Amino acid sequence: MGGGPTVLELTNAFGGEIYQAANDNRERKNGPWLPTQAAAKKAGSKHYFTGEPCQNGHITTRYASNAACTKCASDTRNEQNKLRAALDPEWKAERNAKQRERYAADPSKSRAHNKRWIAANDNHRREYTREYMRMRRAEDPTLNERAKERMREKRADPAYVEAEREKERQRYAENPEKHREKSRRYAKENPEVAATHARNRRAKIREAEGFHTTEDVNEILVRQRHRCAFCGTSIRKAYDVDHIVPISKGGSNWPSNLQCLCPTCNRQKNNLDPFVFARRKGKLL
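Below, the structure is looked at part by part. These numbers were taken from a predicted model, which means no experiment stands behind them. (Residues numbered from 1 in each chain as written. Predicted model: local features only at pLDDT ≥ 70, side-chain atom pairs only at ≥ 80, totals over all residues. Heavy atoms only, no water.)

1. Details of the overall build of the protein chain
The helix and strand tally for the protein chain stands at 13 helices and 4 strands. Here the protein chain, with 285 residues, has 23% of them falling under the buried criterion. In the protein chain, of all internal contacts separated by at least 6 residues, the share reaching a separation of at least 24 is 37%. In the form shown here, the protein chain has an accessible surface area of approximately 20900 Å², with 52% of it arising from carbon and sulfur atoms. (Helix = DSSP H or I, 4+ residues; strand = E, 2+ residues; numbered from the N terminus. Buried < 20%, exposed > 50% of the residue type's maximum accessible area, 1.4 Å probe, protein only. Contact = heavy atoms within 4.5 Å. Areas by Shrake-Rupley, 256 points an atom, 1.4 Å probe, with all protein chains shown as cover.)

2. Observations regarding the packing of helix α5 (residues 107–120) against helix α6 (residues 122–139)
α6 packs onto α5 with a crossing angle of 95 degrees between their chain directions and a minimal axis gap of 5 Å. As the angle between them shows, α5 and α6 are arranged roughly perpendicular. Mapping the contact onto sequence places W117, I118 and A120 in α5 and D122, H124 and R125 in α6. Residues of the contact of α5 with α6, tallied by class, amount to 3 nonpolar, 1 polar and 2 charged. (Axes fitted to C-alpha atoms, helices over the stretch in contact; angles between N-to-C directions. Parallel < 35°, antiparallel > 145°, perpendicular 65-115°, else oblique. Nonpolar A, V, L, I, M, F, W, Y, C, P; charged D, E, K, R; others polar.)

3. Describing helix α3 (residues 70–87)
Three or four residues apart is the spacing at which side chains of an α-helix point the same way, because the helix has 3.6 residues per turn. For α3, spanning 18 residues, the distance from its first C-alpha to its last is 26 Å, which sits close to the expected 26 Å at 1.5 Å a residue. When we look at burial in α3, the residues that qualify are T70, C72, A73 and A85. Tucked inside the fold, the buried residues of α3 contact β1 (47–48), β2 (62–63) and α4 (89–105). (Expected span 1.5 Å × (residues − 1).)

4. Concerning the pairing of strand β4 (residues 258–261)
Alternating residues of β4 divide into L258 and C260 and Q259 and L261, and every residue in both groups is buried. Direction of pairing for strand β3 (residues 240–243) relative to β4: antiparallel, over a ladder of 4 bridges. Bridge pairing in β4 places V241 opposite C260. (Pairing = 2+ DSSP bridges.)

5. Topic: the side chain of H179
Along the polypeptide, H179 turns up in helix α9 (residues 176–189). The exposure class of H179 is buried, given its relative accessible area of 16%. When neighbours within four sequence positions are excluded, H179 is seen to be in contact with E168, R171 and Y172.

6. Considering the packing of α3 against α4
Packing of α3 against α4 leaves a shortest axis separation of 5 Å and a crossing angle of 120 degrees. The angle between α3 and α4 places the two elements in the oblique class. For the pair formed by α3 and α4, the contact residues are N81, R84, A85 and L87 on the first element and P89, W91, K92 and R95 on the second. Here the residues of the contact of α3 with α4 sort into 4 nonpolar, 1 polar and 3 charged.

7. Observations concerning the packing of aromatic side chains
In total, this model carries 2 aromatic pairs according to the counting rule given. Ring geometry for F211 against W254: centres 5.6 Å apart, planes inclined by 50 degrees, an arrangement best described as tilted. One end of the pair, F211, is in the loop between α10 (191–205) and α11 (214–223); the other, W254, is in the loop between β3 and β4, with 43 residues separating them in the sequence. Given a relative accessible area of 34%, W254 falls into the partly exposed group. (Phe/Tyr/Trp six-rings, centres within 6.5 Å; stacked < 30°, edge-to-face > 60°.)

8. Section: unusual backbone geometry
Here the phi dihedral of E207 falls at roughly 60 degrees; this positive angle occurs in a residue that is not glycine. Mapped onto the elements, E207 comes out in the loop between α10 and α11. In the Ramachandran plot, H226 falls in the positive-phi region, its phi being about 55 degrees despite a non-glycine side chain. Mapped onto the elements of the fold, H226 is located in the loop between α11 and β3.

9. Details of the pattern of salt bridges
One pass over the full model with this rule turns up 16 salt bridges. Ionic pairing is found between R169 and E166, a salt bridge with its closest N-O pair at 3.0 Å. Of this pair, R169 and E166 both sit in helix α8 (residues 158–174), 3 residues apart, which is roughly one turn of the helix. Taking relative accessible area as the criterion, R169 reaches 43% and is therefore assigned partly exposed. Take E166: its relative accessible area is 34%, and that puts it in the partly exposed class. In this structure, E181 and R184 form a salt bridge, with 3.3 Å as the shortest nitrogen-oxygen distance. One end of the pair, E181, and the other, R184, are both in helix α9, 3 residues apart, so they sit about a helical turn from each other. Residue class for E181 comes out partly exposed when judged on its relative accessible area of 38%. Judged by relative accessible area, which is 44%, R184 ranks as partly exposed. Three or more residues are tied together by salt bridges with common partners; here these are E127, R130, E131 and R134. (Salt bridge = Lys/Arg side-chain N within 4 Å of Asp/Glu carboxyl O.)

In structure tokens form, the structure reads like this:
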């Protein structure tokens, strides 16, 4: 750059502050973000960061060449590319072929780029995926069932199951806290599924026969008309799944040994034999 001021020198001239967009985790080739367009041009940097939102509300870097918001420019390019892909199938096919070539030439670079993007846009990615799958299911109602059938076929192969478990163990070992946070978030968003998984796990640890699903519990609720199996009170707002014959007394974990009780009745029953509990509740002489 012909002996001009360095990025560090210009940064120090602005009070030593280093600017970086909150969602930017790239390896910056041009040093820390500078606060003005003029400073970025002097340093030869392609971007600068003011910390102020653009006219569309994006708080991100701007191009030193024209002061345009990088997010606005990216959105415009994406819309133009979508329109051109819809109007020109040959251009779309050629573009996809080039992307495949770049990936084949250096897969690790593409994977690293994807990981950086996901880390910076995780919430957006998950919401986009949900919306995309909702659209696909609306177009093809059999999509879920076909996917489940393919997965059932794969899980019938012990080698596949063990390979997947080993991959999961490796991912967990690399970042245990990330997996714990994911499990906590899933349990919060899907409490019934998490409760079913916990019951099956406890039953397996105690070597009880059988398992059940969330669908099985929902069927039991319908059969009981959403009322406690003992006292008859409504359990639409809260219920506990109880093993009729307690596992500690040889009961199974199959749906046939399950009933839904109100929290009060479930605490009173605890691990009592069903006939003993029925007598206490005045159901039997």
